[in-house]
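Okay, here's what each chain looks like letter by letter:
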Amino acid sequence: HYTSLFIILPTHLQQIAESTHARFDKRGGANTKCDCNSLRTYCGRGRQCVLMAETGRAECVCQEKCRPSFVPVCGSDGRFYENHCEVYRTACLERRRIFVVHSKDCFFKGNACTMSEYNKLKSMLLDMQPKVLGNGEQDQQKDMEARRGLVDTMFKYLDVNQDGLLIANELEKISMKEHLEDILLECTMQDLLRYDDYNNDGHLSLHEFYTAFQVVQLSLAEEQLISISTVTVGLSAVLTCAIQGTLRPPIIWKRNGIILNFLDLEDINDFGDDGSLYITKVTTIHMGNYSCHAYGYEDLYQTHVLQVNVPPVILVYPETQAQEPGVSASLHCHADGIPNPKLLWLKNGMDLQPRSSKQLSLIANGSELFIGSVRYEDTGAYTCIAKNEVGVDEDISSLFVEDSAKKTLANILWREEGLSVGNMFYVFSDEGITVLQPSECEIRRHMKRTERIVATYEEMCPKGEGVSPQHCVWSSAVNIRDKYIYVTQPLQSRLLVVDIQAQKVVQVATDPYPVKLLYDKSHDQVWVLTWGDMERTHPTLQVIPQVSVGEVHHAIHTTFQRVNNFFIPATNLIITHVRFAFVFLKNEPAVHKIDLETLHRVKTISLKNYSCIPVSMAYTHLSGFYFVQCQSNRRRQAPPQLLIDSVTDAVIGPNHNITGRAYISPDGRYIVTPDLQSSKLVVQTVSFQGELSLNQEINWSLSVSDLIFQRSFTESNQHLVVATSASGTELLFADLSSGHTEELKSLKEPLAPKSWPWDGPNRVVVSSGLFGQYLVTPSVESLFVLNGKQRTPHCEVSDIKRGNTVVWVGEV
């Protein structure tokens with residue numbers, strides 16, 4: 001039950017192996033972070049983690065001693081060492097770089113039989129053996145077996161008493177019988193024992209004989225062809241290659257076909273003496289498949305499947321609510337984690353047992369606690385608890401049941417102040433800014449285009465010379481922590497900042513024609529792409545720092561020229577910090593990786609081999625895949641998406657034949673692409689083992705303008721897709737778990753694409769947050785509010801023209 005591979009090591013492999021080891025040892029035992037309370041710590045070869053009595057801190061120090069081993073080696077300093085460990089321990093103690101060299105000259109310094117002469121002896125002995133004639137075909141496996149057979153035949157001939165061991169007496173007899181003394185020059189047959197009797201037991205075994213003649217034997221147990229490992233996020237992981245054998249060359253590790261050993265990676269930065277792969281701090285991007293093989297022997301490999309488990313992270317809504325007796329109330333709970341968390345509820349610390357389907361019920365696997373008719377005794381603290389294999393999290397949603405005549409503080413805060421400016425859609429249209437409360441379809445506030453901006457006293461939408469009729473022109477808006485909204489006015493060469501609490505507007509000057517905004521929540525900064533003019537002749541990229549602080553901010557210019565677009569990955573409950581953005585330059589087949597902290601370029605990832613000029617990107621933190629949409633060429637069909645691995649920043653290759661822009665669900669598990677070739681929505685999934693696979697295809701013949709994900713109202717950790725048509729009046733609901741679709745029609749005509757020149761969708765669709773059930777989508781002269789839970793139109797708000805810039809603001 002073993003898959004075996006036998007070959008003679010090529011003569012040049014010693015130099016390659018030496019070079020390989022040099023690359024492996026480039027850190028020379030460099031110190032890494034260590035924690036003596038963690039058994040997974042790896043300080044580097046020749047070092048160990050020790051708790052220092054003087055400071056009480058854990059430090060990496062030189063090893064006191066090495067475990068005994070019967071594999072003596074030569075160091076690059078020309079000295080003899082008992083084993084590999086002694087080499088690196090000495091390097092640490094002497095504070096200089098010493099590595100293992102594949103030579104035995106240090107064993108026998110001063111002897112007449114040098115390594116060079118000894119190699120001549122072995123070559124001559126091999127030449128004396130009868131050659132096995134091949135059939136002329138290049139069959140590598142058969143050739144390897146034939147070479148091994150050659151050494152087997154020689155061993156049997158030398159082993160006079162057939163006991164499986166070669167002793168000095170047998171070697172001397174053969175030498176005399178064959179009259180070898182006359183032609184062996186400086187070396188004798190007995191030098192086989194001097195050089196290759198590794199354990200100094202006075203004889204050569206077949207195993208030692210294979211080593212002497214550099215016959216590599218590699219084997220991998222059949223049950224170890226695939227190894228599955230599970231590690232919790234934040235810990236370190238060690239993957240050990242199970243390939244064994246005589247003279248096994250250095251182990252090579254690959255991920256998605258990319259060799260890891262020679263990359264300067266931040267988290268995969270060391271390979272042990274046994275060829276193990278170390279991941280110092282595991283995150284969800286590290287999940288997926290890793291393969292190992294011996295250098296030069298790729299046909300025999302082991303696959304390691306790494307699953308990364310994540311403790312639950314929970315969010316409840318609302319945190320507090322006040323209701324009158326007799327009305328219904330819902331308490332929502334959402335949790336992300338790997339594996340999927342299970343939800344349960346407590347009331348005032350006691351297990352909550354649903355009494356009846358009408359009065360008290362749990363919906364969507366506990367994601368919603370529904371109380372049909374609240375009573376005074378329902379007042380309490382409701383705790384949602386999420387559990388999985390690696391952790392638990394909990395949060396409290398409080399319910400107050402009280403008569404409306406008794407205006408308590410909680411009642412006033414929740415009913416009046418909270419709902420006055422929060423839980424609203426802010427719609428930017430020709431007439432200014434409309435604040436819309438969706439459940440009642442009520443316009444709470446309208447800021448007219450003639451309203452004055454604070455400090456400058458300019459009109460929000462000033463009249464242009466000779467322009468009729470007058471419009472407010474907006475292109476992009478972002479929500480800043482439910483405190484501010486930043487919105488672009490391209491024709492005014494500025495941003496407006498809406499203070500949500502104060503309901504006031506200030507302005508920030510930018511380069512001409514700001515058209516796109518993205519909020520980097522991790523660093524509290526807004527990125528601004530400007531065009532310079534409608535022909536995009538002078539595009540620039542600017543950044544506004546500390547946007548949630550509330551002071552008047554100024555845009556900072558970055559150093560990037562000819563910027564065509566940019567991408568910043570989104571955060572979620574699990575991934576709360578993002579480190580890098582990506583910038584695309586005009587007509588350049590590459591993406592530039594940017595450090596969000598310093599705004600400096602980290603590296604350039606070339607797409608030239610795929611003739612891909614990037615248009616858009618999407619990202620899932622599960623296995624760390626980037627999906628790159630490539631620019632269409634009029635002469636040929638749209639090129640397929642490219643996949644980039646965020647661990648190695650290497651292009652993996654095309655994403656099957658899928659074309660178009662990819663959209664990623666908030667939890668990273670679903671990738672939906674409105675495919676440009678097939679007129680279908682192609683749905684892919686990422687498993688908890690990091691495997692990307694095709695899930696289903698949803699038929700929808702219309703071209704997609706915008707697409708969003710909405711949390712399922714019937715199943716936990718599932719999503720609906722909502723897509724608008726670029727040219728028609730239809731809107732699509734698709735359940736990703738069942739594949740069931742519903743289509744809403746007669747939502748009136750969207751803006752014509754030529755009427756929306758700002759690169760974004762000409763018909764947006766915006767949801768009311770993680771727990772909301774309402775959606776908004778505009779037509780040319782009105783706004784439609786949809787009930788996503790029932791998948792029906794809720795109302796139409798008229799006299800909102802060109803309201804294609806919409807932002808949802810949650811509780812304030």
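Residues numbered from 1 in each chain as written. Predicted model: local features only at pLDDT ≥ 70, side-chain atom pairs only at ≥ 80, totals over all residues. Heavy atoms only, no water.

The name that an unreviewed UniProt entry assigns to the protein is Follistatin-like 4, with the source organism given as Gouania willdenowi. UniProt, in the comment section headed Subcellular location (unreviewed entry), describes the protein in these words: "Secreted, Extracellular space, Extracellular matrix". (UniProt positions renumbered as here; feature names shortened; annotations may be inferred.)

Bringing the packing of aromatic side chains into the picture now. Using the criterion set out here, one finds 11 aromatic pairs in the structure. Over the ring of Phe566 we find Lys516; its NZ or CZ atom is 4.6 Å from the centre of that ring. (Phe/Tyr/Trp six-rings, centres within 6.5 Å; stacked < 30°, edge-to-face > 60°. Lys NZ or Arg CZ within 6 Å of the ring centre and 35° of its normal.)

What follows is about the state of the cysteines. Considering all chains together, one arrives at 8 disulfides under this definition. Cys62 shares a disulfide with Cys92; S-S distance 1.9 Å. Because the torsion about its S-S bond is -85°, the bridge between Cys62 and Cys92 counts as left-handed. Residue Cys62 is found in strand E3 (residues 58–62), and its partner Cys92 is found in helix H2 (residues 84–94); the two are separated by 30 residues along the sequence. Residue Cys62 is classed as partly exposed on the basis of its relative accessible area, which comes to 23%. The partner cysteine of Cys241 in its disulfide is Cys292, sulfur to sulfur 2.1 Å. Of note, the bridge from Cys241 to Cys292 carries an S-S torsion of about 85° and is right-handed in sense. With a gap of 51 residues between them, Cys241 in the loop between strand E11 (237–239) and strand E12 (251–255) and Cys292 in strand E16 (residues 288–294) connect regions that are remote in the sequence. (Disulfide = S-S within 2.5 Å. Helix = DSSP H or I, 4+ residues; strand = E, 2+ residues; numbered from the N terminus. Buried < 20%, exposed > 50% of the residue type's maximum accessible area, 1.4 Å probe, protein only.)

This brings us to helix H5 (residues 168–177). Inspection of H5 places Glu170, Leu171, Ile174 and Ser175 among the buried residues, and these make up the whole buried set. Buried residues in H5, looked at end-on, bunch into an arc of 135°, giving them a common side. Residues of H5 that are exposed and point over 90 degrees away from its buried face: Met176 and Lys177. His179 lies just past H5 and shows a positive phi near 55°. (Arc of directions from axis to C-beta.)

Here the focus is the confidence of the model for the protein. This prediction gives the protein a mean pLDDT of 86; 87% of its residues lie at or above 70. Predicted confidence is poor over residues 136–141, with pLDDT under 50, and the contacts of this stretch with residues over four places away or in other chains come to 2 contacts. (pLDDT = per-residue confidence, 0-100. Contact = heavy atoms within 4.5 Å.)

Time to look at helix H3 (residues 115–127). Taking 1.5 Å per residue as the helical rise, H3 with its 13 residues ought to reach 18 Å, and the 18 Å between its terminal C-alpha atoms agrees with that figure. Regarding H3, the residues found buried are Met115, Glu117, Tyr118, Leu121, Lys122, Met124, Leu125 and Leu126. (Expected span 1.5 Å × (residues − 1).)

What follows concerns the side chain of Asn565. Following the sequence through the fold, Asn565 ends up in strand E37 (residues 563–567). For Asn565, the side chain forms a polar contact with the side chain of Lys516, separated by 2.6 Å. In this structure the side chain of Asn565 is engaged in a polar contact, spanning 3.3 Å, whose partner is the backbone oxygen of Val615. Beyond its immediate sequence surroundings of up to four residues, Asn565 is in contact with Lys516, Leu529, Phe582, Val583, Phe584 and Val615. (Polar contact = N/O pair within 3.5 Å; in protein donor to acceptor, adjacent residues only side chain to side chain.)

Attention shifts here to the environment of Leu702. With respect to the helices and strands, Leu702 occurs in the loop between strand E48 (692–699) and strand E49 (704–711). A relative accessible area of 24% places Leu702 in the partly exposed class. Separated by 30 residues in sequence, Leu702 and Leu732 place their C-alpha atoms 9.9 Å apart. With residues up to four places along the chain from it excluded, the contact list for Leu702 reads Ser725, Glu730 and Glu743.

So, about the pairing of strand E25 (residues 391–401). Here strand E18 (residues 320–323) runs beside E25; their pairing, made up of 4 bridges, is parallel. Bridging across to E25, Gln321 finds its partner in Leu399. Once strand E24 (residues 380–388) ends, the chain turns through 2 residues before running back antiparallel as E25. (Pairing = 2+ DSSP bridges.)

The subject of this paragraph is unusual backbone geometry. Cis rather than trans, the peptide bond between Tyr317 and Pro318 has omega equal to -10°. Relative to the helices and strands, Pro318 is located in the loop between strand E17 (297–317) and E18. At the junction of Ile338 and Pro339, the peptide bond is cis and its omega measures out at -5° in the coordinates. Mapped onto the fold, Pro339 is located in the loop between strand E19 (329–338) and strand E20 (342–347). Here Gln162, not a glycine, exhibits a phi torsion of approximately 55°, which is positive. Within the secondary structure, Gln162 sits in the loop between helix H4 (140–158) and strand E7 (165–167). Backbone geometry places Asn348, a non-glycine residue, at a positive phi of 50°. Counting through the fold element by element, Asn348 comes out in the loop between E20 and strand E21 (350–351).

With respect to the helices and strands, the residue Tyr297 is situated in strand E17. Along the chain, Tyr297 and Arg248 lie 49 residues apart, while their C-alpha atoms are 9.8 Å from each other.

Attention now goes to the pattern of salt bridges. Here the structure, examined in full by the defined rule, presents 24 salt bridges. One salt bridge connects Glu368 with Lys789, and the closest N-O pair in it is separated by 3.8 Å. A residue pair is termed long-range when its members are at least 10 positions apart, and Glu368 in strand E23 (residues 368–371) and Lys789 in the loop between strand E55 (782–787) and strand E56 (792–798) qualify at 421 residues. What makes Lys789 partly exposed here is its relative accessible area of 37%. One salt bridge connects Glu451 with Arg445, and the closest N-O pair in it is separated by 3.1 Å. With relative accessibility at 27%, the residue Arg445 sits in the partly exposed group. By sharing partners, the salt bridges in this structure join Lys593, Lys603 and Asp649 into a single network. (Salt bridge = Lys/Arg side-chain N within 4 Å of Asp/Glu carboxyl O.)

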